[in-house]
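# Breakdown of the fold
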Amino acid sequence: MQALLNEILDEVRPLIGQGKVADYIPALASIVPDQLGIAVYGNDGQLHVAGDARTPFSIQSISKVFSLVQAIGHSGEDIWQRLGHEPSGQPFNSLVQLEFERGRPRNPFINAGALVICDINQSRYAAPALSMRDFVRRLSDNPEVTVDNHVAESEYQHRARNAAAAYLMQSFGNFHNEVEAVLRSYFSCCALRMSCVDLARAFGFLANQGFCQHSGEQVLSPRQSKQINAIMATSGLYDEAGNFAYRVGLPGKSGVGGGIVAVVPGQFSVCVWSPELNAAGNSLAGMKALELLSQRIGWSVF
Ligand SMILES: NC(=O)CC[C@H](N)C(=O)O
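Residues numbered from 1 in each chain as written. Predicted model: local features only at pLDDT ≥ 70, side-chain atom pairs only at ≥ 80, totals over all residues. Heavy atoms only, no water.

### Focus: the site of the ligand
In the vicinity of the ligand, the contacting residues are Tyr24, Gln60, Ser61, Phe92, Asn111, Glu155, Asn162, Tyr186, Cys190, Tyr238, Gly255 and Val256. Glutamine 60 has a polar side-chain atom sitting 2.6 Å from a nitrogen atom of the ligand. Asparagine 111 is positioned such that a nitrogen or oxygen atom in its side chain is 3.1 Å from an oxygen atom of the ligand. When isolated, the ligand has an accessible area of 300 Å², and the protein chains bury 99% of it. Class assignment for the residues of the shell around the ligand results in 6 nonpolar, 5 polar and 1 charged. (Near = heavy atom within 4 Å. Polar contact = N/O pair within 3.5 Å; in protein donor to acceptor, adjacent residues only side chain to side chain. Areas by Shrake-Rupley, 256 points an atom, 1.4 Å probe, with all protein chains shown as cover. Nonpolar A, V, L, I, M, F, W, Y, C, P; charged D, E, K, R; others polar.)

Structure below.
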């Protein structure tokens, strides 16, 4: 595995320079673009890393999985009264479908859906941002995971689109808490800083029937963890979910910080990071690295 990871990073490194780092959040625009890392965390507890696997980065939309896991954990199937689990075929921040579908987001991994999930969590926790931080610290086995307040503030200053989605949902009666407070919670989840190692560990339970082996916690039931993997497989990469299924064939979740996490159920979780994105907002080199990994191990959920 170690040799394979080194080989994959060498193969994808030439792609750096062909993508573009996210700059619609100004605090993300200054990232050094030529960073590249990968970490694989096996169900046997073994960790394999290559490149910049221990450098923390902004997890952005990868946090939507953690928010969903929290919400399913305390509210179970009830959450589906507020949103769907169908792919959207739309960019992550699209508003068009939301108006047509009367304020009910297609799935929890587009921004509108994640905002509804944060609204559900806001009703549940006294300090939602802190509960999230502590949750991911446990899942990643790293008590040093923190929120980058500079990024969170920058997102809040440039919140127009996310605010528009939230207020639109409020107008349809699908938002229960004060919009600005939920936006703050949402941005603080997105602004968590974690490394490939942290994220591979934190997603381990999804490869392991809902059981997190380092914390000894049954985070979700086996059935619920299968359901999260299904939503990642159909909606984890926005309007590129089909392409990701075709090329990689694994449940995955990306973020505009350049991270992508993928799950090989029963075997391992993997996180790859390279900040330059393609037109759909997914890591360019990261996609390629996961494609090579699934090809070389000869395994996909399909
Ligand atoms: N796709 C992403 O990673 C988007 C997350 C980002 N925080 C936003 O709301 O726009």
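### Let's talk about the environment of tyrosine 125
Residue position: tyrosine 125 is located in the loop between helix 4 (111-124) and helix 5 (128-140). It is 37 Å that separates the C-alpha atoms of tyrosine 125 and glycine 51, two residues lying 74 residues apart in sequence. Beyond its immediate chain neighbours, meaning those up to four positions away, tyrosine 125 contacts Gln70, His74 and Ser131. (Helix = DSSP H or I, 4+ residues; strand = E, 2+ residues; numbered from the N terminus. Contact = heavy atoms within 4.5 Å.)

### Some remarks on the packing of aromatic side chains
For the structure shown, the criterion picks out 6 aromatic pairs. Judged by centre distance (5.1 Å) and plane angle (50°), the rings of phenylalanine 92 and tyrosine 238 are tilted. Of this pair, phenylalanine 92 sits in the loop between helix 2 (63-75) and helix 3 (96-100) while tyrosine 238 sits in the loop between helix 11 (222-235) and helix 12 (241-247), and the two are 146 residues apart along the sequence. What makes tyrosine 238 buried here is its relative accessible area of 3%. Aromatic side chains tyrosine 156 and phenylalanine 187 sit 6.4 Å apart centroid to centroid with 75° between the ring planes, which places their arrangement in the edge-to-face category. (Phe/Tyr/Trp six-rings, centres within 6.5 Å; stacked < 30°, edge-to-face > 60°. Buried < 20%, exposed > 50% of the residue type's maximum accessible area, 1.4 Å probe, protein only.)

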